[in-house]
Amino acid sequence: MRTTRTPALVIAATATLVLAATLPTFGASPKNDVSTLAGKLAALNGTPGLQTRFSAFLQEEAQEDSASAPDPITPANVLTSPLDGISVAAPAVTVNQDTAAATQNETAIAVDPNNANRVVAAANDYVPRTWACSISGTPCSALGDAYSGTYYSNDGGLTWCCTSTDPQHLGTLIPGVTRLAGGQYDAGGDPALAFDSQGRVFYAGLGFNRASAPNTVAVNRGTFNGGGQLSWSQPAFINQTTSPSTLNDKEWIAADWHGSSPFKDNVYVTWTRYIFNPSKGTYVQSPIFFSRSTNHGATFSAPVNIGANVLYSQGSRPVVGYDGTIYVFWDGSTRLASLDSIWMVKSTDGGGTWSKPVSVAPVVDIYPLANTVFRVNSFPAAAAAPGGDVYATWTSEVLNNATSYSASPTCAYFISGVASVRANCHTATVWSKSTNGGAGWTTPQLILPAVDASTQTAVGYPVTNPDGSTLSAPSAPNRVDSIWPGVAISPSGRVYMSTYAADVISPWQTCASEPPPPEGRINCTTLGNYVHNARLNYFVTNVGSGNSSTVSTHPINSRYQFGGGFIGDYTDLAVGSDNVYHAFWTDTNNVQTVVWWYGLEFVPTAIHQQDVVTASGSIP
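The structure contained in this document is the topic of the report that follows. (Residues numbered from 1 in each chain as written. Predicted model: local features only at pLDDT ≥ 70, side-chain atom pairs only at ≥ 80, totals over all residues. Heavy atoms only, no water.)

This part takes up the environment of phenylalanine 202. Among the secondary structure elements, phenylalanine 202 is positioned in strand 9 (residues 201–208). For phenylalanine 202, a relative accessible area of 0% translates into the label buried. The spatial distance from the C-alpha of phenylalanine 202 to the C-alpha of valine 591 is 32 Å, given a sequence separation of 389 residues. Ignoring anything within four residues of it in the chain, the contact list for phenylalanine 202 reads Ala192, Leu193, Ala194, Asp196, Val219, Asn220, Arg221, Trp232, Ile253, Val267, His296 and Gly297. (Helix = DSSP H or I, 4+ residues; strand = E, 2+ residues; numbered from the N terminus. Buried < 20%, exposed > 50% of the residue type's maximum accessible area, 1.4 Å probe, protein only. Contact = heavy atoms within 4.5 Å.)

Structure, rendered in structure tokens:
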């Protein structure tokens, strides 16, 4: 992703950006052991010129480690802010029902096309890290890892089932993938959901080991009984591999629920296949792959590469039109491109053959938002309308004074520099649509024009630092950044879109010293000075009318959990036949008590957590 390239160094654009401090360095590097997740991460991050990254979920897992402590830990300081809520307020609803301060993030949601009150949601669920039990003398918290969590509602999202408390009561955890849920993998996550026409729901996720090569894409089928209870099948595995040359990442799933489609009830999965050279310990490429099931998720076809020459890719999203056409969108680059594009391919024969990739629009992959520390990406979301139109939405770095939202090199930090981006650009969620089956696309436009044109609201200033100095509100507030959009279209054609927007700036007290993670994520031994901290709200808009609503009930502080580095790669949005949307995001305004955390026992300690939260409504 530099303006000057040679074929050996030309690797595409950003999928998931890490912080500037962890961007790749150039020059000679030691050989990486790509049989491990950490080795693959090092190979990817160490590739000269490369801006493609693993999903934030896999990056986090590659760097996590379990620990144990002989005595319960009493934190010296727990980072918090009086500006944050202590519970998520109505009408927003906390979807995960655990009460032991478990982390949840990366949201997916789907509505039964036959029953608008039946909603299924999914998230990365770290609830085993809070289990106060032991297996053969080892705390369950030390054995647990990131898991695939699922939750369901039969009343339109007002209430949700269920809870998970220990390996004998898995509750929300998908079976058969991870070891504590009866499977063979250390961890699982990156969830995605889809319903078919018969009310079956399909859950796609990853299964992988940290310290060895095995990894897979997994799909479980969910069915509801007459009493509205959801149960899950054992998984079907796709591209299950033990090769150190291959890593499957960031899958998504779609099902053809349309009665007029010749491929009704087919199930489709796409994902990124990272390829490495095991002998050299280097990254090679990351194309998008596809697989389908014609027997309701029991088995899947052999994977095929659908990305043609767009070999450096991430963040794919399959969508099925009412006529059965499959559209797949992703963020990626060809070998000689200086900028990424949002790409699309389609199949009109149920995934048997595929078109050549079409560029929906060039995209400037985003740099981490000002005054935040979480990792970011420009992954697209997409949906098909009943009349045949297809919509795509994504996040791009755009000029502050832009009147159109095509890609500008001024906003590409790898071309013009970070200072140029901060001075001239901000992050915006945009959308485009096609009225001719994906052959052509409208000029990108903003999801939230009024929010995008505004500046951040300062709250909580001034504050006095431990060193006696004062942090005052910014004299020139930043433009509002928006990130991680969703899109959903009802059977009547109402088009909803959603996004986070960093519309609040407030002070946050840093930690000057702490133990290593994971303990340091709760226990700050020495408090530091305050910094500016951008906080998020979640918005939903009807793009046809331009009406919008703020559905989060208190600004979200992304600094909690995982040291603020990982709030999730995406958010999601669904809509039922009743035109009611269901927005689903990660929120940090609940306070709960933690006792066990990654094998560490604490004296009962109240902390803010990452929960997954929904809001439902209708916007005319």
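Next comes the rest of the account.
If you walk across this open sheet you meet the 3 strands as 3-4-7, and the pairing is antiparallel. Looking at the sheet topology across the chains shown, the edges are occupied by strand 3 (104–112) and strand 7 (147–153). The sheet shows a mean angle of 20 degrees between the axes of neighbouring strands, taken without regard to direction. In terms of strand pairing, strand 4 (residues 115–125) meets strand 7 through 7 bridges, oriented antiparallel. Bridge pairing in strand 7 places alanine 121 opposite tyrosine 151. (Pairing = 2+ DSSP bridges. Axes fitted to C-alpha atoms, helices over the stretch in contact; angles between N-to-C directions.)

On to the nonpolar core, then. With 36 residues, the main nonpolar core has Val120, Leu193, Val201, Val219, Trp232, Ile253 and Val269 as its most contacted residues. If you tally residues by element for this core, the top one is strand 9, at 6 residues. (Core = buried A, V, L, I, M, F, W, Y, C linked by side-chain atoms within 4.5 Å.)

Tallied over the entire structure, the rule returns 4 disulfides. Between the sulfur of cysteine 411 and that of cysteine 425 lies a disulfide, 2.2 Å long from S to S. In this structure the cystine formed by cysteine 411 and cysteine 425 twists about its S-S bond by roughly -90 degrees; its chirality is therefore left-handed. Here cysteine 411, found in the loop between strand 24 (390–399) and helix 4 (413–416), pairs with cysteine 425, found in strand 25 (residues 425–434); they are 14 residues apart in sequence, far enough to count as distant. The burial state of cysteine 411 is the same as that of cysteine 425; both residues are buried. Across the disulfide from cysteine 511 sits cysteine 524; the S-S distance is 2.2 Å. Here the disulfide of cysteine 511 and cysteine 524 is right-handed, its torsion about the S-S bond being about 110 degrees. Of the two residues, cysteine 511 sits in strand 31 (residues 495–513) while cysteine 524 sits in the loop between strand 31 and strand 32 (526–542), which places them 13 residues apart along the sequence. Since its relative accessible area comes to 1%, cysteine 524 is described here as buried. If the cysteines joined by disulfides in the chain are listed in sequence order, their pairing comes out as 1-2, 3-4, 5-6, 7-8. (Disulfide = S-S within 2.5 Å.)

The next subject is the pairing of strand 38 (residues 611–617). In terms of burial, strand 38 is largely enclosed, as 6 of its 7 residues are buried. Bridging between strand 35 (residues 581–587) and strand 38 involves 7 bridges; their strand directions are antiparallel. Residue pairing in the sheet places phenylalanine 584 in a bridge with threonine 614 of strand 38.

The two faces of a sheet get side chains in turn, since along a regular strand they alternate between them. Relative to strand 37 (residues 600–608), strand 36 (residues 591–597) runs antiparallel, the two being bridged by 6 bridges. When the sheet's bridge partners are listed, tryptophan 596 is paired in strand 37 with glutamate 601. Where strand 36 folds back on strand 37, the antiparallel hairpin that results is connected by 2 residues, among which tyrosine 598 adopts a positive phi of roughly 50 degrees.

Inspection of every chain in the model, using the stated rule, returns 24 aromatic pairs. An angle of 85 degrees between the planes, with centres 5.3 Å apart, marks the rings of tryptophan 252 and tyrosine 570 as edge-to-face. One end of the pair, tryptophan 252, is in strand 13 (residues 246–255); the other, tyrosine 570, is in the loop between strand 33 (548–550) and strand 34 (572–575), and 318 residues separate them in sequence. As far as burial versus exposure is concerned, tryptophan 252 and tyrosine 570 are alike and both buried. (Phe/Tyr/Trp six-rings, centres within 6.5 Å; stacked < 30°, edge-to-face > 60°.)

What follows deals with the environment of serine 341. Along the chain, serine 341 falls in strand 20 (residues 340–347). As a C-alpha pair, serine 341 and threonine 541 span 200 residues in sequence and 25 Å in three-dimensional space. Apart from residues lying up to four places away in sequence, serine 341 is in contact with Trp330, Asp331, Gly332, Ser359, Ala361, Pro362 and Val363. Here serine 359 takes part through its side chain, which lies 3.2 Å from a polar atom of the side chain of serine 341. (Polar contact = N/O pair within 3.5 Å; in protein donor to acceptor, adjacent residues only side chain to side chain.)

This part covers the pattern of salt bridges. Pairing is possible between side chains of opposite charge, provided their charged atoms come close. Evaluation of the coordinates by the stated rule reveals 8 salt bridges. Residue arginine 200 is joined to aspartate 265 by a salt bridge in which the shortest nitrogen-to-oxygen separation is 3.8 Å. Of this pair, arginine 200 sits in the loop between strand 8 (187–195) and strand 9 while aspartate 265 sits in the loop between strand 13 and strand 14 (267–277), and the two are 65 residues apart along the sequence. Of the two residues, arginine 200 and aspartate 265, both sit in the buried class. A salt bridge links aspartate 389 to lysine 433, with the shortest nitrogen-to-oxygen separation between them at 3.7 Å. With aspartate 389 in the loop between strand 23 (381–384) and strand 24 and lysine 433 in strand 25, this pair connects stretches of sequence that are 44 residues apart. Each of Arg129, Asp145 and Arg210 takes part in one network of salt bridges that share partners. (Salt bridge = Lys/Arg side-chain N within 4 Å of Asp/Glu carboxyl O.)

All right, on to the sheet that holds strand 19 (residues 326–333) then. If you trace the 4 strands from one edge of the open sheet to the other, you get 18-19-20-21, paired in antiparallel fashion. Two strands bound the open sheet, and with one partner strand each, they are strand 18 (312–320) and strand 21 (358–363). Looking at each pair of strands side by side, their axes are set apart by 20 degrees on average, direction ignored. Pairing between strand 18 and strand 19: 7 bridges, direction antiparallel. Of the residues in strand 19, the one forming a bridge with valine 319 is tyrosine 327.

Within the secondary structure, serine 347 is located in strand 20. Given a relative accessible area of 0%, serine 347 falls into the buried group. A polar side-chain atom of serine 347 sits 2.8 Å from the main-chain amide nitrogen of glycine 351.

Moving on, we get to the side chain of threonine 94. Tracing the backbone through its elements, the reader meets threonine 94 in strand 2 (residues 93–94). A distance of 3.1 Å separates the side chain of threonine 94 from the side chain of asparagine 590, its partner in a polar contact. In this structure threonine 94 touches Val88, Trp160, Asn590, Asp611, Val612 and Val613, once residues within four positions along its chain are discounted.

A few words on unusual backbone geometry. In this structure, proline 91 follows alanine 90 across a cis peptide bond, with omega equal to 15 degrees. Relative to the helices and strands, proline 91 resides in the loop between helix 2 (56–63) and strand 2. Phi is positive for glutamate 106, close to 60 degrees, though the residue is something other than glycine. Tracing the backbone shows glutamate 106 in strand 3. For glutamate 106, a relative accessible area of 0% puts it in the buried group.

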